[in-house]
Every structure is written in structure tokens, then in C-alpha cells.
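Per-entry structural report
One-letter residues, chain by chain:
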Amino acid sequence: MAKSPDARDSTNYEKLEEIGEKLDKLADPTADLTNVDPVEGDSGTRTSLVESYFDDKDHKPRTQELKRDSWNDFAEWFERSDLTYLSELEESNVVEWKDWLRDTTDRSDFTIKKDLERVKTVLRWCATRSYVRDDLGDWAEHYPHAGSKQRENILTPKRGERVADWVREEEYASRLHIEWILIWHLGLRRSACIALDADGFHYSSDDPECDCAQGVDGPHLRLRHRPEFTLNLKKRGDEEPSGRYIPLRERHAEAIRRYNYVAEEDQGEHGLVGLLRTSTGTRISGATLRQDAHYLTNPTSYAGQCDCDHCSEHHITRTNADGCERSVPPHGCRHGAITNMMDTVHSNHNASVEGISTMVGTSVSELRRTYDHDTPERRYKRHCDEMMTLQS
């Protein structure tokens, strides 16, 4: 039986009143935000805020999902920041959040720009209701320079191989060398590189530490998705295949074997020692891997010189290499590596897109959609022999 107009009005009023009370508490600088309508498993009050935003908007399910993901990341950063209340948020915090996303996720500048845009729409809605400051400014000047996915800073195969040659000759069996094996030769995400444990590398199935499934032999890596230890193979969306194995070429396995000496004093959180470690034996962070990728792809490293203004004015180290306009972050290196693999599939009948998918942890459909840059030049190179054969 349908409700009367008065009943519907009463129900809507009560709902709006409830939402208003929640948001009033959020705007109140004296309120204890950690105790207001907590939501188990996420960031509590601020998640309640975004749900209230959705109640007031008519968004499609996919739009809601994307905005909710971006907001949850924002909420996670907020919890770790020095801020206590949303009313304290300032424009300068936008840069801090952007840098946090770069340091802790595998996202491209294009994706980070979208994250900032989505959260900005929610905060703009909050500002009209006086729940946050109304002088957060125009975030556009803080967006990463990424107008489209095709203009991302993606490493070319030629440069990737030059880096590979240089790091093998000059930094053999160092952490830099192992990082490049993982990112360039195997196409692993930054989060997957960090999640690898020292005992996840097995030179053979006869290794005492090897507890891998029967039939997994030869040099290989074991990747495990362990969100309970914040050791995720992927930070967002569907998780990568968990518990998968990656075989290694002998030259890569030998370099990792020489590097992977675990001293007794090396201690890892939860008793887990990372494969990639700092000089003190601790697992490296996402920020460290990002610095290393920029250093590896800076032309002053692998080519000895770079004519950009930044490199001309500075002595390039790992901490300032990202100032070079030609250096590339881990995401761009991995993107270039996978695109190079996709080219290989078309020229080597022993390779397949399914094989790439298993190794890099990305679905076949996503590989074809994002990494297969099928330009006219690539089509010519890939299919030249076939087209010649078809001609009478």
C-alpha cells in the first residue's frame, strides 16, 4: 500500500534531519569525529559524509564507485595527517595528499588528477553547507600535468633497454639492478615489488625455504597478496591473482641470488623480510622505489648527461632525480615494459597475451585496452610479413 503524501514528506524530513545532524557534527570543531557514526572497516565519519553526499546527488552506480574509492583514499590520508577536523583542511593540504598518492600508490598522474577532481566535487558540496572552509581555492594548478592517458610519461623500449644495459654493467646485483628486473623485465607493479619477501625468491625447487606447489621448479618468484600486513599486490580495485609464481631467466635469477643475502640483524615487520631492502635491512617504501626509478631513468645515470635545465644546474642524486623532465616514475616504466611485451607477442609465436597477463597481474582485456598502443607504425611492423604473404 502506497504511503500518503504526508507520510512520505515525514519520512524524507526525518532522513534529511538525520543527515543534517551528522554533518553538523562534522562541521563542529569541538566534536569528537572519531566517535560519530563510525563505519566498520573504513574511515568512519568521513565515509559517512560521502554517503550523505550521494544521498543528495543522483549519480550512476559507476560514478558512485569511482568517487567513493577516491574519497576513501583521501580519508586514509586524512587519518595519517596532522589534521583532526575537516574544517582544518586548507589548499596547501591538496599538495600533501597528491604527494602521498604518488608515494603510496601505483597510479599514473592521469589517475591521480581524476582522484583530486572527484574529491574536489565532494568538498565543494560540503563548502556550500559550511561543513568545510569555502576558500580551498582552485585545485587545477595543483593537478599533475596529465591531460590524457596517451600523454603520460611512458618509457620507450629503446630507453628501457639502455637502462637495463647500464644497470647490469654498473650496478650488478645491487638493489637498483633488482628493481629494474622486477619493473622492466617482469612488469610488476610498485606495490608488488614492495610486497615481495626475501624468502619469496627461490633459485630452485630444491631450496630448503621453497614451499611452493609441486611442479613449480627452476628459478622463480612467489607473489602473495597479504592485505592483513598491508602488503597488497595492488592498491585499488580487484586484487591481483594471489599466490602466483613467476619463472626467472637464469641471468635474472643469478643477480637476485647474489643480492638476496639476508643478514641476521635484518628485521622485518611481522617477521617478514622484504626482498627490496634499505641499507638497514628494512623493507623499502613506495617513495624510495619511486626515487630509484627516477634515478635509473634520468639520462645522467645511463647516458652520462642530460641537457635539461634541472640536470644542468644540479648534481643528480636519487633524491633530486625526479626534477628532470625526462625521468620516469615506476608506473611509466611498467607501462612501457608491458607495451614492449605486447609488441613481442606479435613477433614471437612463443609469447601470448595470456602469458603477459599472468606475469604482470593484469587482465587480458585491460592489457589490450590500456597497454596495446596499436599505432599505424606498430601495425605495419607487426603485420608486414603477413601482408606480404597474402599478396599474390
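Conventions we followed
- Residues numbered from 1 in each chain as written.
- Predicted model: local features only at pLDDT ≥ 70, side-chain atom pairs only at ≥ 80, totals over all residues.
- Heavy atoms only, no water.
- 1 Å grid on protein atoms, 1.4 Å probe; cavity = no way out; pocket = protein on both sides within 12 Å on 5 of 7 lines; lining within 4 Å.
- Points joined across faces, edges and corners; volume = space filled by probe spheres on them.
- Helix = DSSP H or I, 4+ residues; strand = E, 2+ residues; numbered from the N terminus.
- Nonpolar A, V, L, I, M, F, W, Y, C, P; charged D, E, K, R; others polar.
- Buried < 20%, exposed > 50% of the residue type's maximum accessible area, 1.4 Å probe, protein only.
- Contact = heavy atoms within 4.5 Å.
- Salt bridge = Lys/Arg side-chain N within 4 Å of Asp/Glu carboxyl O.

**Description of empty space enclosed by the protein**
Going through the model one piece at a time under the given rule, you end up with 2 cavities of 30 Å³ or more. Each pocket or cavity is described by its volume, and for the largest cavity that value is around 50 Å³. Lining the largest cavity, in full, are Ala 192, Ala 195, Leu 196, Asp 197, Gly 200, Arg 222, Leu 223, Arg 224, Arg 226 and Leu 233. Only α8 (190–195) and β2 (220–223) provide two or more residues apiece to the lining of the largest cavity. Across the lining of the largest cavity, the residue classes break down as 5 nonpolar, 1 polar and 4 charged.

**Comments concerning the environment of Gly 200**
Summarising the element assignment, Gly 200 is placed in the loop between α8 and β1 (201–202). You can call Gly 200 buried: its relative accessible area is 1%. For the pair Gly 200 and Arg 224, spaced 24 residues apart in sequence, the C-alpha to C-alpha distance is 8.6 Å.

**Structural notes on helix α9 (residues 250–259)**
By the burial criterion, the buried members of α9 are His 252, Ala 253, Glu 254, Ala 255, Ile 256 and Tyr 259. As for α9, its buried residues are in contact with α7 (175–185) and β1.

**Focus: the pattern of salt bridges**
For side chains of opposite charge, pairing can occur when their charged atoms come near one another. Under the counting rule described, the total for this entry stands at 15 salt bridges. Asp 197 is the partner of Arg 226 in a salt bridge, and the nearest nitrogen-oxygen pair spans 2.6 Å. A residue pair is termed long-range when its members are at least 10 positions apart, and Arg 226 in the loop between β2 and β3 (244–247) and Asp 197 in the loop between α8 and β1 qualify at 29 residues. Considered together, Arg 226 and Asp 197 belong to a single accessibility category, that of buried residues. Put simply, Arg 369 and Glu 366 hold a salt bridge, and the shortest N to O gap is 2.3 Å. Placement of both Arg 369 and Glu 366 in helix α15 (residues 364–371) is noted, with a separation of 3 residues, approximately one turn of the helix. Since its relative accessible area comes to 24%, Glu 366 is described here as partly exposed. Each of Asp 197, Asp 199, Arg 224, Arg 226 and Arg 283 takes part in salt bridges that share partners, so that together they form one network.

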